[in-house]
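# A look at the structure
Chain by chain, the residues run as shown.
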Amino acid sequence: MRARTIAMSLPLVLAACASPEAAPVRSPWITRAGVAAHGYAPPGANLPPPAAAALLPVELGAVPYDGITLPLVSPDARFVATQTGGLPDWDVLLAAPGAVAAAALRNTVEVHALPATGRPVARLPAGFLLGRSAVEQGFLVEVPGQTGDSRRIGLAPWAARGTADIVFLTPDAPGSCAAFGVLGPRGELAYCLRERADGPFVLRIRTDALDARSERECAMPGASLLFPLFEDDANPRALYALAAPHPREPRLPLLLVRIDLDAPGERLNVGAAAPIAQNSGLFEAFQCIAAAQSPSPALSVGAASRRGGVLLFSPGEQTTVWARQGRDDTLRALAVHPGLLTSIWGDEVAEGGPCIVSSTAADLVVQMTGGDSAGRQTTFGPPRLIRPGISIPRRTGTAAMPYILLRTSGPEAGKFLFLTGLRSPTQ
C-alpha cells in the first residue's frame, strides 16, 4: 500500500521518489524561486545558455499509461509504446514468487504513432507488460504465464497486432521466470532467470539476443541479481546489476560484471560492487532503474560512445549517480549533483562536449562533464536551465529532434502523459 499511495501522488517520477524517505534533496538551485529567495547564484551562472535551450518545443499529444510504468520511445522518434490499464500489481511488476497471474490481466501495451492522436496503431492482448528496452526493430515485453511463477520475454515490433507478431526470446517453460530483460547496442540481451519459485534470480547474458547458444550466466549465492543495464558504450564490455536482497550486505549493492574477459561459455563473475541504497530491498532496486530506457539511442549518434558506466538513480545519494569502473577493478558511484531524479546523456555535438540532461523536481537542466585523459577524475559543471517544469527526458537517435519529454499536467489530467519534442531549428 505504501508504494501504491506514493506512486499515485507523484506518478511522473514514479519510484524515483517512491517512499517518504526518498524525497528529492532540496538544494538551493532546485527551483528558480528558491534560488531567488536565498540570493544564491550557481557557480558559472554567466555561462552562455545551453544549446538545448534553443530547441523548439513541439507538442506530440498525450498517451495513456498505468500510473507507474514510463513509456518507451522509438529511436527514430516515430512511435511510443506505453503500458495501460489500472495500477499494476507490485508482485507482478517485480516478478515476485507467488504473484497472482490474473493480476497481470489488468494491464496491456499500446503503441501510438507520434504525434499521438489518442488512437493506438497497435494494441497487445491483456496481460502483456512493457519492458525497459526499445530499438529500431521494436521493444521488449514480458508475459506472465498461467501460473504466477512463469514468465517469458519477447521482442514486439512497433506494428505488433498480437502474440503472433512477437519474437519470444526466452522459452515458455513451467515454473521458469524470465524477467527484467534489456537489450544492448549491438543486439545483446541480458535478463534475469528464476528456475524455481523458491530460488534466486541469476543473470543470463547473450551476445546475440536471438541466439540462446551464446548465453552465459552470472550468479551470486543467496542473492538475486536484478535489473541489468549494459554500460553506456557502443561496444559494451560491462554489465551492471543490483543484488536484492543480499544475504550479507544490508545496503543495496550495485554490481559490475565484466563480459569481455572470460572465455566463451564460461560462467561470468562479479568484478566489483558499490552500495547505492541504505536498504537492499526490491523497491529500492526498482527505484534505481524505474526511469531508464536501454540502450540509449544517443549511442547511434556518437554520444556516450566512450563514456562507459551507467547513469541511474541512487536512493542512498538521493540523486543520479554515474557508476563506472575505477582503477584496480573497483566500482565508483559518483553523485552527479543533488536532486536529479533521472538523467540521460545529452547531445554532445550541439553542446560542444559530453553532457547530461536531467530532471529535477522543478526543471530540466544540462551539465557538462569533464575529466582527465586517464579517466581517473571526473568533473561536472553547474546545472543550466533548458526548460522550466518537471519532465522526464527520453533521448532519440535523430538530430532533428534529439529529445522527447514526458510530463504530466497535474492530478486533473488523469493517467495520461503528455509528450513534447525538442526540435532543432536548423533541421
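This is a predicted model, so every value here is computed, not measured.

Estimated volume of the second largest pocket: approximately 470 Å³. Contributing to the lining of the second largest pocket are 23 residues, with V135, E136, Q137, G184 and P185 lying nearest its centre. In terms of residue class, the lining of the second largest pocket is built from 13 nonpolar, six polar and four charged.

Within the structure shown, the criterion is met by five cavities of 30 Å³ or more. Estimated volume of the largest cavity: approximately 360 Å³. In this structure, the largest cavity is lined by 28 residues; those nearest its centre are A292, Q293, L311, S343 and I344. For the lining of the largest cavity, the elements supplying multiple residues, two or more each, are β14 (225-230), α4 (282-289), β18 (310-314), β21 (342-345) and β26 (392-395). Class assignment of the residues belonging to the lining of the largest cavity gives a composition of 18 nonpolar, six polar and four charged. By volume, the second largest cavity amounts to about 270 Å³. T69, L130, G131, R132 and F286 are, among the 21 residues lining the second largest cavity, the residues nearest its centre. Considering each element in turn, the lining of the second largest cavity owes the most residues, four residues, to strand β6 (residues 129-135).

Looking at the element boundaries, S214 is found in the loop between β12 (202-206) and β13 (215-218). Within polar-contact distance, the side chain of S214 engages the backbone nitrogen of D208 at 3.4 Å. Here S214 is in contact with I205, R206, T207 and D208, once residues within four sequence places are set aside.

Time to look at the packing of aromatic side chains. With the rule as written, the count across this model stands at nine aromatic pairs. A centroid spacing of 6.0 Å and a plane angle of 15° characterise the contact between F79 and W158, whose relative ring orientation is stacked. With a gap of 79 residues between them, F79 in strand β3 (residues 79-85) and W158 in the loop between β8 (151-157) and β9 (167-168) connect regions that are remote in the sequence. Of the residues examined, W158 reaches a relative accessible area of 7% and is grouped as buried. Ring geometry for W322 and W345: centres 5.3 Å apart, planes at 80°, overall edge-to-face. You can see W322 sitting in strand β19 (residues 319-325) and its partner W345 sitting in strand β21, a full 23 residues away along the chain. We classify W322 as buried; its relative accessible area is 1%. An aromatic cluster of at least three residues, connected via ring pairs, comprises W90, F180, F201, F227, F283 and F286. Over the ring of F168 we find R152, and its NZ or CZ is 3.7 Å from the ring centre. Its guanidinium or amino end placed over the ring of W322, R324 lies 4.3 Å from that ring's centre, counting from NZ or CZ.

The next point concerns α4. The buried fraction of α4 amounts to six of the eight residues, a majority that puts the element mostly inside the structure. The set of residues buried in α4 consists of E284, A285, F286, Q287, C288 and I289.

Time to look at the sheet that holds strand β4 (residues 107-113). Spatially, β2-β3-β4-β5 is the arrangement adopted by the four strands of the open sheet, whose pairing is antiparallel. Each edge of the open sheet is held by one strand with a lone partner, namely β2 (72-73) and β5 (122-123). Pairing of β3 with β4, which is carried by seven bridges, proceeds in the antiparallel orientation. For Q83, the partnering residue across the bridge sits in β4 and is V109.

As a further point, take the environment of L114. Examined against the element boundaries, L114 turns out to sit in the loop between β4 and β5. With relative accessibility at 15%, the residue L114 sits in the buried group. In the structure, L114 is positioned 305 residues away from L419 in sequence and 9.0 Å away in space, judged by C-alpha atoms. In this structure, L114 is in contact with L60, A77, R78, F79, V80, I404 and L419, ignoring residues within four places of it in sequence.

This next bit is on the side chain of H112. Among the structural elements, H112 can be located in strand β4. Engagement of the side chain of H112 in a polar contact is seen with the side chain of E110, the distance being 2.9 Å. Apart from residues lying up to four places away in sequence, H112 is in contact with V63, P64, R78, F79, V80, T82, G118, R119, P120 and V121.

Turning our eyes to something else, we now look at the pairing of strand β15 (residues 238-243). Regular strands place their side chains on alternate faces of the sheet. Within β15, six of the six residues are buried, leaving the element largely enclosed by the surrounding structure. Residues A238, Y240 and L242 point to one face of β15 and L239, A241 and A243 to the other, with burial holding for every one of them. Bridge count between β14 and β15: four bridges; the pairing is antiparallel. Its bridge partner being in β15, L225 is matched across the sheet by A243.

Rules behind the numbers
Residues numbered from 1 in each chain as written. Predicted model: local features only at pLDDT ≥ 70, side-chain atom pairs only at ≥ 80, totals over all residues. Heavy atoms only, no water. 1 Å grid on protein atoms, 1.4 Å probe; cavity = no way out; pocket = protein on both sides within 12 Å on 5 of 7 lines; lining within 4 Å. Points joined across faces, edges and corners; volume = space filled by probe spheres on them. Nonpolar A, V, L, I, M, F, W, Y, C, P; charged D, E, K, R; others polar. Helix = DSSP H or I, 4+ residues; strand = E, 2+ residues; numbered from the N terminus. Polar contact = N/O pair within 3.5 Å; in protein donor to acceptor, adjacent residues only side chain to side chain. Contact = heavy atoms within 4.5 Å. Phe/Tyr/Trp six-rings, centres within 6.5 Å; stacked < 30°, edge-to-face > 60°. Buried < 20%, exposed > 50% of the residue type's maximum accessible area, 1.4 Å probe, protein only. Lys NZ or Arg CZ within 6 Å of the ring centre and 35° of its normal. Pairing = 2+ DSSP bridges.

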